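Here are the chains, one letter per residue:
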Amino acid sequence: MPAAAKITCLDCGAVNRVPTDRLTSGPKCGVCGAKLADGKVKALDPATLAKASKTDQLPLLVDFWAPWCGPCRMMAPQFEQAARSLAPHARFAKIDTQEFPQVSQKFGIRGIPLLILFQNGQEIGRLSGARPAADIEAFVRSHAKVSA
Ligand code: ZN
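Computed from a predicted structure; not experimentally measured. (Residues numbered from 1 in each chain as written. Predicted model: local features only at pLDDT ≥ 70, side-chain atom pairs only at ≥ 80, totals over all residues. Heavy atoms only, no water.)

**Thoughts on the overall build of the protein chain**
Phase 1: Looking only at helices and strands, the protein chain features four helices and seven strands.
Phase 2: Helices and strands appear in the protein chain in the N-to-C order β-β-β-α-β-α-β-α-β-β-α.
Phase 3: With the principal axes as the frame, the protein chain shows a C-alpha extent of 40 × 30 × 25 Å.
Phase 4: When each of the 148 residues of the protein chain is scored for burial, the buried share is 48%.
Phase 5: Pairs at least 24 residues apart make up 64% of the contacts formed inside the protein chain by residues separated by at least 6 positions.
Phase 6: Taken as a whole, the protein chain presents about 7100 Å² of accessible surface, with 50% of it coming from carbon and sulfur. (Helix = DSSP H or I, 4+ residues; strand = E, 2+ residues; numbered from the N terminus. Buried < 20%, exposed > 50% of the residue type's maximum accessible area, 1.4 Å probe, protein only. Contact = heavy atoms within 4.5 Å. Areas by Shrake-Rupley, 256 points an atom, 1.4 Å probe, with all protein chains shown as cover.)

**What about the nonpolar core?**
Phase 1: Formed by 21 residues in total, the largest nonpolar core has its most connected members in Leu49, Val62, Phe64, Ile95 and Phe107.
Phase 2: Broken down by secondary-structure element, the contributors of at least two residues to this core are α1 (46–55), β4 (60–65), β5 (91–96) and β6 (114–119).
Phase 3: Among the elements that take part in this core, β4 stands out by supplying four residues, more than any other.
Phase 4: Not counting residues up to four positions away in its chain, the partners in contact with Phe107 are Leu49, Phe64, Ile116, Phe118, Glu123 and Arg126.
Phase 5: Among the nonpolar cores identified, the runner-up in size contains 17 residues, and Leu61, Phe79, Ala90 and Leu115 belong to it. (Core = buried A, V, L, I, M, F, W, Y, C linked by side-chain atoms within 4.5 Å.)

**Describing the coordination of the zinc ion**
Phase 1: Those donors, Cys9 (SG), Cys12 (SG), Cys29 (SG) and Cys32 (SG), are the protein atoms that reach the zinc ion, and they lie 2.3 Å from it.
Phase 2: Around the zinc ion, the four donor atoms are arranged such that angles at the metal cover 105 to 115°; this shape is classified as tetrahedral.
Phase 3: For the zinc ion, the donor residues sit on a single chain with the sequence spacing C-x2-C-x16-C-x2-C. (Donors = N, O, S within 2.8 Å, 3.2 Å for Na, K, Ca; no water. Tetrahedral: all angles 85-135°; square planar, octahedral: opposite > 155°, others 65-115°.)

Here's what the structure looks like:
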């Protein structure tokens, strides 16, 4: 991890440069003031997903889900738990593939739930199926460079 990490604000889409040693002190977006890495799962739109997936140096795990998908809804609390335990060193977000079907096509998704992990502007791993929090956390730690 470099001395500062580029992080896209998942609320307004602004790219922030956050000194790595300040990650744990509740960094906020310089444009809109939203917390950048508070362990909450943010709902994305396709534009913010595209920007964050191409930009962020901090690991970003995205849950591709839909309201009709029972396993997706079952996994949601586990995903939220893993998000809290890895914060602020990895961020978690979700995107509704029913509302935004174009993202399924863009990322070649054939089944949900599917988790895609991004870091340094690249996709670095996928995990499919409903998983417990411990599996999700282990997946992020084994694929991404997580500093704590
Ligand atoms: Zn912002």
